[in-house]
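# A look at the structure
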Amino acid sequence: MAVNLSAIKDLLLPGLRGIEGKYEQIPSQYDKIFTKHDSKMALERTAEMRFLGLAQLKTEGGQTAFDNAAGERYVYNQEHTEIGLGYAITRKAIDDNLYKSQFMPSNLGLIESFHQTKEIYGANVLNTATTYNASVGGDGVSLLGYNAAGTLVNHPIDGGTVANTPAVQVELNEATLLSGMISIRTNFKDQAGLKIFARGRRLVVPPQLEPTAIRLMKTELRPGTANNDVNAIMMTAGGLPEGYMTNDFLTSAKAWFLLTNIDGLSYMQRIAFETDLQVDFVTDNLLVKGYERYSFGYYNWRSIYGSIPS
């Protein structure tokens, strides 16, 4: 049923001091986690390649070792979803509304609705980081290295595996944060097993962990002790140059993530947000709708290190 007179009965009479219901929106957060890419296809695919491994010792007069294992290893899929919302409002509800400047028939909050929907879809990539999604494909495990059975098996590379999560999911504190930063630097490798320049750059936490993040990131001396030690978080493995951010749409109160300098978390925009409105010829109802098409996903697990303790 369209928005009609009964839905706005108090807006038909003079005497209202004002109208409430619209609030300041949370500033955009997804764009501080994901890299934006424009898309021209319904399904975007990214292939991860294996390049050459380590050079080999050569003896005098002996043969040079050849590495012919280079080539494609995994393909990551990202399929766009259609996002839409609309409403109808009757001609009488428009004509008789005395407070059109505050309750505009053509703007009942589509932009805000689409904005928050996008934040939820973006955060869902992190919220489900331990759940394998077969439609993504890739290396056969979830963003944090869990298989379809929910077992941590880490990410496969030629000749082994690499972890981007602790063996046991741990809560955020000084020791676990430092361990994650060091793990990114020491353990992250390419498909051939070569160490790569990987460093943590930003800590992402839910609102419940913001006080912890502040204590860890904002003190010059070692947090939580009476010792006069320097705060090693600020400098270990290059520190976290982009500090921390709070994401209001993380569903776990204990989850925390380290974004790295490796690109791999992706927001792909197929069709930008657009609106349209028209008057229905038969009913005289005003029809307003919005449309957008995009997807959130990933194509390189090295872009993140995380832990989602229960």
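Structure: above.
To start, this report covers the structure provided alongside it. Every chain is numbered independently, its residues counted from 1 as its sequence is written. Where totals are concerned, whole chains, interfaces and linings use all residues; where local detail is concerned, this predicted model gives features only for residues with pLDDT of at least 70, and gives and counts side-chain atom pairs only at 80 or more. Hydrogens and water are ignored here; the side-chain numbers use all heavy atoms of the structure.

### Details of the sheet that holds strand β11 (residues 286–298)
Spelled out, the test is: Here, strands pair whenever DSSP counts at least two bridges between them. To qualify as a helix, a DSSP run of H or I must reach at least 4 residues; to qualify as a strand, a run of E must reach at least 2; elements of each kind are numbered from the N terminus. Every axis in this analysis is a line fitted to C-alpha atoms, fitted for helices over the stretch in contact. Angles between the N-to-C directions lie between 0 and 180 degrees.
As summarised here, the arrangement of the four strands in space is β1-β10-β11-β4, forming an open sheet in which the pairing is mixed. Each of the sheet's edge strands pairs with one partner strand only, and the pair in question is β1 (35–38) and β4 (81–89). Sheet twist, expressed as the average angle between the axes of neighbouring strands with direction ignored, equals 30°. Judged from the nine bridges that link them, β4 and β11 form a sheet pairing that is antiparallel. Its bridge partner lying in β11, Gly 86 is registered against Lys 289.

### Focus on the sheet that holds strand β9 (residues 256–260)
Our working rule: In what follows, residue pairs with any heavy atoms lying within 4.5 Å of each other are defined as contacts.
Strand order in this open sheet of four strands is β8-β7-β9-β12, and the pairing throughout is mixed. Bordering the open sheet on either side are β8 (244–246) and β12 (304–307), each of which pairs with just one other strand. The mean angle between the axes of side-by-side strands here comes to 20°, regardless of whether they run parallel or antiparallel. Together, β7 (200–205) and β8 form the strand contacts of helix α4 (residues 210–217), whose direction differs from that of β8 by roughly 170°.

### Brief notes about a nonpolar patch on the surface
Here is the rule we go by: The patches described consist of residues with a relative accessible area above 30% and no salt bridge, like charges being joined within 9 Å and nonpolar side chains (Val, Leu, Ile, Met, Phe, Trp, Tyr) within 5 Å. Here the accessible surface of atoms and residues is derived via Shrake-Rupley with a 1.4 Å probe, and residues count as covered only by protein chains that are part of the display. Just to be clear on terms, a salt bridge is a Lys or Arg side-chain nitrogen sitting within 4 Å of an Asp or Glu carboxyl oxygen. Exposure classes here rest on a 1.4 Å probe applied to the protein chains alone. A residue is buried below 20% of its type maximum, exposed above 50%, and partly exposed in between.
Taken together, Val 230, Met 234 and Met 235 make up a surface patch of nonpolar side chains, about 300 Å² in accessible area. Turning to its location among the elements, Met 235 is positioned in the loop between α4 and β8. Its relative accessible area of 56% is what places Met 235 among the exposed residues.

### Topic: the nonpolar core
Within soluble globular proteins, side chains that are nonpolar generally end up buried alongside one another. For clarity, the threshold we go by: Throughout, nonpolar core names a set of buried Ala, Val, Leu, Ile, Met, Phe, Trp, Tyr and Cys residues whose side chains join them through atoms within 4.5 Å.
The biggest cluster of nonpolar side chains holds 59 residues, and the ones touching the most others in it are Leu 177, Leu 203, Trp 256, Phe 257 and Leu 258. When residues no more than four places from it in sequence are discounted, the contact partners of Trp 256 are Val 170, Glu 171, Leu 172, Thr 176, Leu 177, Leu 203, Val 204, Val 205, Leu 209, Tyr 305, Gly 306 and Ser 307.

### Considering helix α2 (residues 110–127)
The cut-off we apply is this: Under the convention used throughout, the expected extent of a helix is 1.5 Å for every residue step, that is, one less than its residue count.
For α2, spanning 18 residues, the distance from its first C-alpha to its last is 25 Å, which sits close to the expected 26 Å at 1.5 Å a residue. Taken together, the buried positions of α2 are Leu 110, Phe 114, Lys 118, Glu 119, Gly 122, Ala 123, Val 125 and Leu 126. As for α2, its buried residues are in contact with β4, β7, β9, β10 (265–279), β11 and β12.

### Digging into the environment of Glu 119
Mapped onto the fold, Glu 119 is located in helix α2. Expressed as a C-alpha distance, the spacing of Glu 119 and Tyr 30, which sit 89 residues apart in the sequence, is 5.8 Å.

### Describing the packing of aromatic side chains
Applied cut-off: Only the six-membered ring of Trp is used, alongside the rings of Phe and Tyr, when aromatic pairs are assigned; centres must lie within 6.5 Å, and planes under 30 degrees apart are stacked while those over 60 apart are edge-to-face, with the rest tilted.
For the structure on display, the rule yields eleven aromatic pairs. Centre to centre, the rings of Tyr 121 and Tyr 294 are 6.4 Å apart; their planes meet at 80°, and the pair counts as edge-to-face. Of this pair, Tyr 121 sits in helix α2 while Tyr 294 sits in strand β11; the two residues are 173 residues apart in sequence, bridging distant segments of the chain. Judged by its relative accessible area of 1%, Tyr 294 falls in the buried class. Seen from their ring centres, Tyr 294 and Phe 296 are 5.8 Å apart, and the 80° between their planes marks the pair as edge-to-face. An identical accessibility class is assigned to Tyr 294 and Phe 296; each is buried. Every member of this aromatic cluster is reached through a ring pair, and the members are Tyr 30, Phe 34, Tyr 121, Tyr 267, Tyr 294 and Phe 296.

### Notes on the pairing of β10
Sheet topology places β1 next to β10; four bridges connect them, and they run parallel. Bridging across to β10, Lys 36 finds its partner in Tyr 267. What sits between β10 and β11 in their antiparallel hairpin is a turn of six residues, with Asp 284 showing a positive phi close to 70°.

### A closer look at the environment of Ser 307
Going by this rule: Polar contact criterion, stated in full: a pair of N or O atoms within 3.5 Å, where within protein one must be able to donate a hydrogen and the other to accept it, and residues adjacent in sequence count only if both atoms are side-chain atoms.
Among the secondary structure elements, Ser 307 is positioned in strand β12. Along the primary structure Ser 307 and Asn 173 are separated by 134 residues, whereas in three dimensions their C-alpha atoms are 12 Å apart. Separated by 2.7 Å, the side chain of Ser 307 and the backbone oxygen of Val 170 make a polar contact.

### Section: unusual backbone geometry
A positive phi is found at Asn 154, a non-glycine position, where the angle reads about 70°. Within the secondary structure layout, Asn 154 lies in the loop between α2 and β5 (155–157). You can call Asn 154 buried: its relative accessible area is 19%. Positive phi is not limited to glycine here, since Ala 237 has a value of about 55°. Structurally, Ala 237 can be placed in the loop between α4 and β8.

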